[in-house]
Structure formats: structure tokens, C-alpha cells
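Letter by letter, the chains look like this.
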Amino acid sequence: MLLAIDCGNTNTVFSIWDGERFIATWRTSTEWQRTADQYYVWLSTLMHFQKIEVDITEVIVSSTVPRVVFNLRVFADRYFNTRPIVVGKDGCVLPVDVRVDEGTAVGPDRLVNTVAGYNLYGGDLIVVDFGTATTFDVVDSDGAYIGGVIAPGVNLSLEALHQAAAALPHVDISRPQNVIGTNTVACMQSGVFWGYIGLIKEICARIKAEHGREMKVISTGGLAPLFQQADALFDEFNDDLTMHGLVVINEHNRKHT
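Residues numbered from 1 in each chain as written. Predicted model: local features only at pLDDT ≥ 70, side-chain atom pairs only at ≥ 80, totals over all residues. Heavy atoms only, no water.

Within an unreviewed UniProt entry, the label attached to the protein reads Type III pantothenate kinase, and the organism entered is Litoreibacter janthinus. Its UniProt record gives the protein a comment under Catalytic activity (unreviewed entry), which states: "(R)-pantothenate + ATP = (R)-4'-phosphopantothenate + ADP + H(+)". (UniProt positions renumbered as here; feature names shortened; annotations may be inferred.)

A. Quick look at the side chain of D6. Tracing the chain through its elements places D6 in strand β1 (residues 2-7). Despite its burial, D6 pairs with no opposite charge; the closest candidate is R27, at 6.7 Å N-O. Sequence-distant contacts of D6, that is, excluding residues within four places in its chain, are made with N11, T12, V13, S62, T242, M243 and L246. (Helix = DSSP H or I, 4+ residues; strand = E, 2+ residues; numbered from the N terminus. Buried < 20%, exposed > 50% of the residue type's maximum accessible area, 1.4 Å probe, protein only. Lys, Arg positive; Asp, Glu negative; His and termini not counted. Salt bridge = Lys/Arg side-chain N within 4 Å of Asp/Glu carboxyl O. Contact = heavy atoms within 4.5 Å.)

B. Just the side chain of D140, in detail. Checked against the element boundaries, D140 lands in the loop between β7 (133-139) and β8 (145-152). Within the structure, D140 has its side chain in polar contact with the side chain of R99 (distance 3.0 Å). Side chain to side chain, D140 and R213 meet in a polar contact 2.8 Å long. Ignoring any residue separated from it by four or fewer positions in sequence, one finds D140 in contact with R99, G123, D124, I146, H211 and R213. (Polar contact = N/O pair within 3.5 Å; in protein donor to acceptor, adjacent residues only side chain to side chain.)

C. The arrangement of the pattern of salt bridges in detail. Summed over all chains, the structure comprises 10 salt bridges. Across the salt bridge formed by R99 and D140, the nearest N and O atoms sit 3.0 Å from each other. Linking R99 in the loop between β5 (85-86) and α3 (108-121) with D140 in the loop between β7 and β8, this pair joins segments that are 41 residues apart in sequence. A salt bridge links D137 to R110; the nearest nitrogen and oxygen atoms lie 2.4 Å apart. Highlighted residues: D137 in strand β7 and R110 in helix α3, separated in sequence by 27 residues. Residues joined by salt bridges that share partners form a network here, namely D97, R99, D124, D140, D142 and R213.

D. Here's a closer look at the UniProt feature "binding site: K(+)" (unreviewed entry) in the protein. UniProt records the feature "binding site: K(+)" (unreviewed entry) for D129 in the present numbering. With respect to the secondary-structure elements, D129 resides in strand β6 (residues 125-130). A relative accessible area of 13% means that D129 is categorised as buried. With sequence-adjacent residues up to four places away left out, D129 is seen in contact with N113, T134, T135, T220 and G221.

E. Spotlight on the sheet that holds strand β10 (residues 236-237). Strand order in the open sheet formed by 5 strands is β8-β7-β6-β9-β10, with mixed pairing between adjacent strands. The strands lining the two open edges of the sheet, one partner per strand, are β8 and β10. Sheet topology places β6 next to strand β9 (residues 216-220); 5 bridges connect them, and they run parallel. Bridge assignment links V127 to a residue of β9, and that residue is I218. (Pairing = 2+ DSSP bridges.)

And the structure:
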């Protein structure tokens with residue numbers, strides 16, 4: 001039984017994989033101060049509440065927040081008696097190559113999405129992930145990660161507007177009824193929504209032109225369906241892409257260790 005943990009800048013997701021499917025998934029805010037004991041109390045309480053009784057024997061972690069990794073290692077060792085696989089660290093073998101400039105540290109979430117995308121859809125992909133940052137990851141025909149693009153996240157952009165301009169309120173992202181806003185909230189929503197539509201279209205078009213081959217565009221992250229409603233931006237949407245990638249990486253390491 002595998003516990004897959006995806007720790008992002010904003011949220012951390014815990015999922016239990018029984019060998020065929022995810023039987024439970026929980027989300028919590030990412031806090032680097034949280035101890036191993038606190039992780040266990042939180043997780044065990046949720047498992048008890050949902051009447052889930054499993055024997056977790058493997059743990060895999062992907063974390064874009066380095067400070068949480070130590071406590072997650074202690075959590076896995078203390079409560080499940082297992083040494084977790086940490087994506088991007090020594091001891092984790094990826095099933096794909098990483099072809100970027102020497103010395104470049106690629107975010108583990110981007111590597112996991114690459115593995116998942118190639119496993120599910122084959123090569124020549126653009127994986128667009130709507131997280132704290134909006135990332136575009138380019139997957140070559142053989143599954144290798146060959147680079148990408150990082151843009152500010154949608155909610156981050158809205159929060160920056162709110163914080164930097166005293167007269168602008170905090171607003172939630174949604175599709176505005178019209179492009180031309182007739183009030184402050186509508187103006188802000190239109191700028192962010194249609195601005196990101198343009199950003200996604202233009203970046204994907206330029207990646208395809210530079211790559212020189214037909215490419216599929218795969219999206220993941222909570223806001224992807226919102227943008228898909230406006231234009232046919234993506235060939236596929238997969239909300240479980242990162243978790244699927246963690247399962248694939250864990251199975252690959254089990255076979256090669």
C-alpha cells in the first residue's frame with residue numbers, strides 16, 4: 001500500500017494507492033513548521049473518520065518546499081517504518097531523462113508531471129499546470145523533460161494586484177460576462193481571465209513552433225477547467241496527473257532497487 005504525498009507551495013495532497021486505484025485523497029495547507037507527529041495525527045484522524053484501515057508499506061514524496069521534506073521523512077520512518085522516496089533526491093531513479101542546462105535544478109513537480117504525461121499520453125507534450133505558478137513543461141518524443149516556461153499563477157496575480165494597488169479589492173477568478181468591464185471587479189476579472197487565455201495560447205503556439213512537431217497540450221490543476229470553457233486550449237485535462245506520476249515513479253524504483 002502506497003502513500004503518495006505531493007507538497008506544493010500552497011497545498012499538500014496525501015493519497016493512498018492500493019495497487020489499482022486511489023482509495024482516498026486528502027488536502028491540507030502547506031506549513032513547513034508542521035511536525036511528523038502532527039502529520040500523523042491529522043492523517044490518522046481522517047482515515048479513522050472514513051473507516052479506512054490499511055497497512056502503508058511505501059511512501060513517495062514530491063515537494064517544491066524543501067523545508068518540509070525532513071519532517072515528512074521522519075513521519076514515514078516513525079509511523080510506517082519505511083524510508084520514503086523523495087523525487088529529485090539521491091535514491092530516486094526517474095524513468096525519463098532530464099535534458100536541461102548543466103547545474104539546473106528542475107522542480108520535482110515538473111518531473112513528476114513529465115513522467116505522468118509520457119506514461120498516459122506518449123511524447124511530444126506540453127503539460128500546463130495551474131498551481132501557485134503556471135508552468136509549461138515540454139516533453140520530448142522519448143519522454144525526456146527538455147525545459148519549459150514559468151509564469152505567475154492566476155491567484156498570485158490577483159493577489160499581487162490587490163496588495164500593490166490600494167484601491168483594488170481582492171476578487172476571485174471567474175469568466176466575466178463581457179471583455180469590457182463596467183466595474184472594478186469585472187475589469188480585474190477580465191484582465192486576468194482573458195490575459196491568461198492569451199498567455200496560454202501564445203506560449204503553447206511558440207513552443208510548438210520551436211519544437212517543430214505536432215504536440216498535445218495536457219492541463220492539470222484546479223483552474224484548468226475554467227480556462228478550457230473559453231477556448232479549446234487543451235487536448236486533455238487530468239486533475240490526478242501528479243499523483244499518477246508519483247505511482248509510476250514508485251513502481252519504477254521498486255523494479256530498479
